[in-house]
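# Fold and contact review
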Amino acid sequence: MKKKFNFLYFIVILFSIIIITDHVMMRNFGYKFSYKSICYDKITVYNYCKNSKHYRYLENEKTKSKKIITKINNFKIPYVKEVPEINPKDAEIIIMGDSFIMADEINVDKRLGNYFRENNVKAVEMGYASWSPYQYSRILKNNNFKDDAKFLIFLMTNDFLPSYKYSSYNFSNKVKDFNYNFMKIDERSKSLIGRLKNFIKKNSYIANSLSKIKQNKANEIYDKQNFKLIDDNLIEKNFNDCSFIKKYNNKIDKVTMDYVFFSRQEKCWNKIHKTSLANSLNYINQININLKNQQEAYFFLIPSGWAIPYENTGGKSSAKFMIKRDVVVSHIGLSKYLENKIENFFDLEPVLNRMKNDYPKPDSLYFYNDGHWTEQTHKLIYKWVSKILLKN
């Protein structure tokens, strides 16, 4: 009996030490973990959770703020406490986009939308990672916006890629599966076990560390692929040359290969690229169809960091993408095609290239590893977009 008591006593003491140590480690080093605010959404399939917080920790980035906390309001929109909340129905400008507009690498008051708000323009950002024209068309169709609202829709090259899981083409064709998966995730997170898991995730250093190790192991798959290094500048000067397709096809990651395709002119594309592109354009056309008479939509194509010299130098040269640091892979083929298909279309690649002349330091416009816009770029893009709106 005494032995059993001593054993139980030992177990209690051991677990107490583990829990206390875990708590101390979490308090001191827990800032290094990220926690997504992500919930099922009837319109967009997934979005921020209402009245929540989204935590992002930036690793391997040369930035003052490593931990970014984004507060989400009842409208599932990021907000700054000092600025009155804006109902999307009352907004003069609605900014839509993917992770570039989500911009969880920088504080809300340094994001594109807040510069409008600081200048007394009622602007809201409706964006989440990997959204595409599929989501934007549904947002416009299922919400009642102001009769004279302006929509700034930031497209990204991966919206059009046939190999990208969340492109309009793939997402719309598998929307039932996406709906089912996100509904199940939502159900599990609201269950007792799900709430317990979330509590542990937010409060346990050990659990988060194990999760991080698991994620790192998943990323190691790219280290074993031995992809070919992209060491050619794929730019406007040579965008008629289809031989680069043969050079890199089946030798690099499929998604990266799609970027190579869209750096070339239309004659170089495969049938699947044209099909994927047509799908996205269909949703963009639906956006224009659903506009009220006085409403306006402007479409801005965001280039990847590797389309701008010496930007996103860490991310582009990683084992996944294998793009040489001093190489540029433009989306010139895609942009030339879209400018003839979309009204009020603006390609941001030449805009950012001009900005690069003023900010020549590497990774000044895009983060070194993360690949999204820096604080500086949000402010520069705001100034440029404001001029476009004034002209129109």
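Definitions and cut-offs
- Residues numbered from 1 in each chain as written.
- Predicted model: local features only at pLDDT ≥ 70, side-chain atom pairs only at ≥ 80, totals over all residues.
- Heavy atoms only, no water.
- Helix = DSSP H or I, 4+ residues; strand = E, 2+ residues; numbered from the N terminus.
- Rg over C-alpha atoms; globule rule 2.2 N^0.38 Å.
- Buried < 20%, exposed > 50% of the residue type's maximum accessible area, 1.4 Å probe, protein only.
- Contact = heavy atoms within 4.5 Å.
- Areas by Shrake-Rupley, 256 points an atom, 1.4 Å probe, with all protein chains shown as cover.
- Lys, Arg positive; Asp, Glu negative; His and termini not counted.
- Charge placed at Lys NZ, Arg CZ, Asp CG, Glu CD.
- Pairing = 2+ DSSP bridges.
- Axes fitted to C-alpha atoms, helices over the stretch in contact; angles between N-to-C directions.
- Left-handed = near helix turned anticlockwise from the far one by under 90°.
- Nonpolar A, V, L, I, M, F, W, Y, C, P; charged D, E, K, R; others polar.
- Patch = residues over 30% accessible without salt bridge, like charges linked within 9 Å, V, L, I, M, F, W, Y side chains within 5 Å.
- Salt bridge = Lys/Arg side-chain N within 4 Å of Asp/Glu carboxyl O.
- Polar contact = N/O pair within 3.5 Å; in protein donor to acceptor, adjacent residues only side chain to side chain.
- Disulfide = S-S within 2.5 Å.

## So, the overall build of the protein chain
Helices and strands together make up the secondary structure of the protein chain, namely 15 helices and nine strands. Here the C-alpha radius of gyration of the protein chain, 23 Å, is about what a compact globule of 392 residues would show, namely 21 Å. Structurally, the protein chain occupies a C-alpha span of about 85 × 50 × 45 Å along its principal axes. Expressed as a percentage of its 392 residues, the buried residues of the protein chain come to 49%. In the protein chain, the proportion of contacts linking residues at least 24 apart, taken out of those at least 6 apart, comes to 69%. Accessible surface, the protein chain as shown: approximately 21000 Å² in total, 52% of it carbon and sulfur. For the protein chain, the distance from the average position of its 64 positive side-chain charges to the average position of its 40 negative side-chain charges is 7 Å.

## Some remarks on the sheet that holds strand 5 (residues 93–97)
Pairing is parallel across the open sheet formed by five strands, whose spatial order is 6-5-7-8-9. Every interior strand has two partners, whereas the edge strands, strand 6 (123–127) and strand 9 (345–347), have only one. Along the sheet, successive strands turn relative to each other by an average axial angle of 20 degrees, direction set aside. Against the sheet, helix 15 (residues 375–391) makes contact with strand 5, strand 7 (150–156), strand 8 (296–302) and strand 9, and its axis sits at roughly 130 degrees relative to strand 7, the strand it touches most.

## Here's the deal with the packing of helix 14 (residues 348–358) against helix 15
Between helix 14 and helix 15, whose axes approach to 12 Å, the crossing angle comes to 120 degrees. For the pair helix 14 and helix 15, the crossing hand works out as right-handed. Contacts between helix 14 and helix 15 pair L348, V351, L352, R354 and M355 from the former with T377, L380, I381 and W384 from the latter. Looking at the contact of helix 14 with helix 15 residue by residue, the classes come out as seven nonpolar, one polar and one charged.

## Some thoughts on a nonpolar patch on the surface
A cluster of nonpolar side chains, contributed by F7, L8, F10, L14, I18, I206, L210 and I213, occupies part of the molecular surface with about 780 Å² of accessible area. Broken down by element, the nonpolar patch gets its largest block of residues, five residues, from helix 1 (residues 2–29). Looking at where I18 falls in the secondary structure, it is placed in helix 1.

## Quick notes on a positive patch on the surface
A surface patch of like charges, here positive, comprises K110, K379, K383, K387 and K391. Take K383: it is sitting in helix 15.

## So, the side chain of S364
Along the chain, S364 falls in the loop between helix 14 and helix 15. At a separation of 2.9 Å, a polar atom in the side chain of S364 contacts the main-chain carbonyl oxygen of K361. Residue contacts for S364: discarding those within four places in its chain leaves E311, K356, Y359, T374, Q376 and T377.

## Here's the deal with the state of the cysteines
In this structure the tally under the stated criterion is two disulfides. The residue that forms a disulfide with C39 is C49, at a sulfur-sulfur distance of 2.0 Å. Around the S-S axis, the bridge from C39 to C49 shows a dihedral of about 95 degrees and counts as right-handed. In this pair, C39 sits in strand 1 (residues 39–41) while C49 sits in the loop between strand 2 (45–47) and strand 3 (53–57), placing the two residues 10 residues apart along the sequence. C49 shares its class with C39; the two are buried. Linked covalently through their sulfurs, C242 and C268 form a disulfide whose S-S length is 1.9 Å. Torsion about the S-S bond of the C242 and C268 cystine: about -75 degrees, corresponding to left-handed handedness. Note that C242 is positioned in the loop between helix 8 (205–219) and helix 9 (243–248) and C268 in the loop between helix 10 (254–261) and helix 11 (271–289), a separation of 26 residues in sequence. Residue classification places C242 among the partly exposed positions, given a relative accessible area of 28%. Residue class for C268 comes out buried when judged on its relative accessible area of 7%.

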